[in-house]
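Listed below are the residues making up each chain.
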Amino acid sequence: MSTALAPADTAVNLTACPFCGSGCTLTLADAEAFPVLGDPVTRGALCLRGWSAGELLDSPLRVLSARMRIRGSPLAKAPLETALDHAASRLAAIRAKHGPASIGILASARLTLEELHLLAGLAHAIGTPHLDALQRLGTVPGPSLGLDAIALAQGILVVGTDLSVRHPQVHRRVLQALGRGVPVRFVGANAGPLATLATEWIRRLPGREVEAAVLAARPDDLVLWSSELALHGQGGPALRRLGGAHSWRLPDFVNQLGLQEAGIHPRAGGLAAYEMLQRAAAGQLKALLVFADDPFEFFPALAARAFQGAEFVLVTDAVATRAAEAADVVLPGSLLAEKAGTLLAADGSRRAIEVAHVARAGMSEGEVARRLAAALGGKAGPAPRAAAFAPGPDGAAPDAPTPDYPLIAALDGATLWSTHPLVGATVTARREVWGPRTDFPDGWVTIHPAAAKALGVRHGWTVRLESDCGGLLLAVRTDPHAAPGTALVPMHCWERAGTALGALEVDPCLRIPVFRPRAVRIGRQ
């Protein structure tokens with residue numbers, strides 16, 4: 001965390017950091033981002049991602065023009081109105097031929113609350129029940145507490161999440177509480193910054209954090225957790241056993257709670273985001289509309305099949321992504337700094353943002369949704385309010401180590417931002433997370449140096465990571481912060497490693513893809 005004064009003596013418009021769920025308020029001056037003094041979240045401090053937010057405005061990866069293609073041909077520039085009309089025409093033809101449920105819509109936490117409601121209106125106009133977001137991740141119903149809860153806590157229990165990566169402002173407050181003498185206990189495997197500083201470190205292998213937290217929690221503890229639990233299949237147990245007035249499920253992304261508020265989640269008869277990709281890959285979903293997200297980020301193979309299997313794909317985004325490269329029509333969207341609207345902060349409060357910079361091109365994602373809805377308006381009136389998301393049954397339990405498979409493979413949550421489209425469109429934040437990807441472009445598995453020594457392997461060597469379902473070749477990356485007994489794969493290898501190891505599953509509770517911790521072994525090549 002670094003601090004600086006926001007520019008004084010000028011009238012400024014306020015926007016929000018477009019990255020994590022901390023909810024930092026920013027102002028822009030000459031395309032540079034600054035924290036707002038007096039803001040209850042930033043208190044004059046930003047993480048490196050926040051400081052880099054201004055770089056997005058003039059990034060060479062900005063999408064500045066519409067593009068279209070005929071299948072089998074490269075994308076070519078097109079007038080915005082022509083591309084928008086073509087998209088509406090194709091969607092109308094697909095709906096007429098295959099029915100409204102042949103179209104799916106993927107939303108994003110990078111949109112304002114008003115834009116998310118416009119997407120719900122678009123789904124209503126089309127008549128499709130398929131509206132969800134991959135960035136919903138581990139979002140579950142529960143109280144949204146504020147940063148003041150940390151200041152008032154008599155004890156703090158952090159469960160299975162690296163706050164320095166997931167929620168820097170919460171991490172900052174927890175360290176301050178620790179400095180005041182508040183007992184801070186950490187439940188988890190890896191030796192992140194908080195684990196090594198905590199009053200007590202309760203070590204548990206991935207997939208076992210919730211059961212340990214239930215036993216460790218004290219009546220007056222503030223319990224903090226994030227989607228790292230849900231992404232390892234513990235969403236249901238966490239929801240049932242860690243819920244309560246003093247439990248705070250921290251959002252990962254800037255307006256992730258807005259997805260809930262706007263009803264962007266699976267509803268009765270509707271497909272979840274991952275299910276849409278699966279159906280499109282099988283040729284059963286004929287059109288995909290993607291707004292400000294990139295399904296290729298974590299699931300490149302499935303996304304490629306889905307984009308090929310669908311008859312038509314529209315991507316609207318402010319930055320270039322692999323999804324945009326594979327789409328049939330690409331429309332330029334806008335950054336949060338170029339929009340006015342409302343966001344739901346991590347504490348559940350509504351935060352208004354203003355236009356802090358003139359839009360570079362195109363129209364906002366919300367305006368695209370509004371225009372398409374007008375062109376496809378099959379049903380009059382606003383979209384009906386979606387029923388609250390109802391969690392389903394729990395998924396399979398995590399593996400335990402065995403003599404034949406003594407390590408537990410899991411996702412490395414610290415790599416959450418390494419493939420995020422906005423991080424890739426900056427210089428500063430991208431440099432922070434791309435070091436290992438430069439060294440190991442084909443992916444890696446992280447193990448403790450002692451484990452590497454016991455296995456007779458060295459940093460950089462290629463090994464076979466193997467479960468009882470199969471295996472794959474990866475480079476070894478040694479890190480003393482990795483817990484002994486674990487084999488961590490970066491999140492951009494989620495699909496490849498999860499498929500090979502039999503760890504990639506759909507959690508029936510939250511209807512999201514998860515990496516179920518699997519017992520594995522490492523063999524020399």
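Definitions and cut-offs
- Along each chain, numbering runs from 1 in the same order as the chain's sequence is written.
- Restriction of local features to residues with pLDDT of at least 70 applies here, the model being predicted, together with a cutoff of 80 or more for giving and counting side-chain atom pairs; totals for whole chains, interfaces and linings are based on all residues.
- Only hydrogens and water are set aside; all other atoms, that is, all heavy atoms of the structure, feed into the side-chain values.
- Going along the chain from the N terminus, every DSSP run of H or I of four or more residues is numbered as a helix, and every run of E of two or more is numbered as a strand.
- C-alpha atoms define the radius of gyration, and 2.2 Å times the number of residues to the power 0.38 defines the globule rule.
- Categorising residues by exposure relies on relative accessible area from a 1.4 Å probe, with only protein chains included: less than 20% of the type maximum marks a residue as buried, more than 50% marks it as exposed, and the intermediate range marks it as partly exposed.
- Should any heavy atoms of two residues lie within 4.5 Å, those residues are considered in contact.
- Only the protein chains shown count as cover for residues, and the accessible areas themselves come from Shrake-Rupley with a 1.4 Å probe.
- Strands are labelled as partners when DSSP assigns at least two bridges between them.
- Only protein atoms enter the 1 Å grid used here. Points where a 1.4 Å probe fits but cannot escape make up a cavity, open sets with protein on both sides within 12 Å along at least five of seven lines make up a pocket, and a residue lines them when an atom lies within 4 Å of a point.
- Grid points are joined across faces, edges and corners, and a volume is the space filled by probe spheres set on the points.
- Residues were grouped as follows: Ala, Val, Leu, Ile, Met, Phe, Trp, Tyr, Cys and Pro as nonpolar; Asp, Glu, Lys and Arg as charged; and all remaining residues, including Gly, as polar.
- Either an automatic procedure or a domain database provided the assignment from which the domain bounds are taken.
- Any carboxyl oxygen of Asp or Glu that lies within 4 Å of a side-chain nitrogen of Lys or Arg is treated as forming a salt bridge with it.

Novice: How would you explain the overall build of the protein chain if you had to name every residue and give the values?
Specialist: Broken down by element type, the protein chain carries 19 helices and 27 strands. Against the 2.2 N^0.38 benchmark of 24 Å for 525 residues, the protein chain shows a C-alpha radius of gyration of 23 Å, consistent with a compact globule. Projected onto its principal axes, the C-alpha positions of the protein chain cover 60 × 60 × 40 Å. For the protein chain, with 525 residues in total, the buried portion stands at 58%. Here the contacts in the protein chain between residues at least 6 apart in sequence split such that 73% fall between residues at least 24 apart. Put simply, the protein chain shows about 19,600 Å² of open surface, and 55% of that area lies on carbon and sulfur atoms.

Novice: Describe the pairing of strand E20 (residues 407–412), and please don't skip the residues or the numbers.
Specialist: Among the six residues of E20, six are classified as buried, and the element is accordingly described as predominantly covered. In this sheet, strand E27 (residues 518–524) lies alongside E20 in antiparallel orientation, the contact comprising three bridges. Looking at the pairing, leucine 407 lines up with valine 520 of E27. By the bridge criterion, five bridges tie E20 to strand E24 (residues 486–490) in an arrangement that is parallel.

Novice: Give me empty space enclosed by the protein: which residues, what numbers.
Specialist: Inspection of the entire model under this criterion finds three cavities of 30 Å³ or more. A volume near 190 Å³ is recorded for the largest cavity. Surrounding the largest cavity, 21 residues form its lining, Leu134, Gln135, Leu137, Phe298 and Phe299 being those nearest its centre. When contributions to the lining of the largest cavity are tallied by element, the ones reaching two or more residues are helix H11 (273–281) and strand E26 (512–515). In terms of residue class, the lining of the largest cavity is built from 14 nonpolar, one polar and six charged. There are two domains that each give the lining of the largest cavity at least three residues, and those are domain 1 (66–138 + 257–336 + 361–375) and domain 3 (407–524). Size it by volume and the second largest cavity reaches roughly 140 Å³. If you trace the second largest cavity, you find 18 residues lining it, with Pro18, Leu56, Leu335, Leu336 and Ala337 closest to the centre.

Novice: Go over the domain arrangement of the protein chain, please, and point to the residues and values.
Specialist: Per the domain assignment, the segments of the protein chain are domain 1 (66–138 + 257–336 + 361–375), domain 2 (147–250) and domain 3 (407–524). Between the C-alpha centres of domain 1 and domain 2 the distance comes to 35 Å.

Novice: An account of the pattern of salt bridges is needed here, citing residue identities and associated values.
Specialist: In this structure the tally under the stated criterion is 24 salt bridges. The residue aspartate 221 makes a salt bridge to arginine 185 at a minimum N-O spacing of 2.4 Å. Of this pair, aspartate 221 sits in strand E13 (residues 221–225) while arginine 185 sits in strand E11 (residues 184–188), and the two are 36 residues apart along the sequence. Two residues, aspartate 468 and arginine 518, come together in a salt bridge whose shortest N-O distance is 2.6 Å. In this pair, aspartate 468 is assigned in the loop between strand E22 (462–467) and strand E23 (470–478) and arginine 518 in strand E27, connecting sequence segments 50 residues apart. Each of the salt bridges in this network shares a partner with another, and the network as a whole consists of Asp399, Asp468, Glu505, Arg516 and Arg518.

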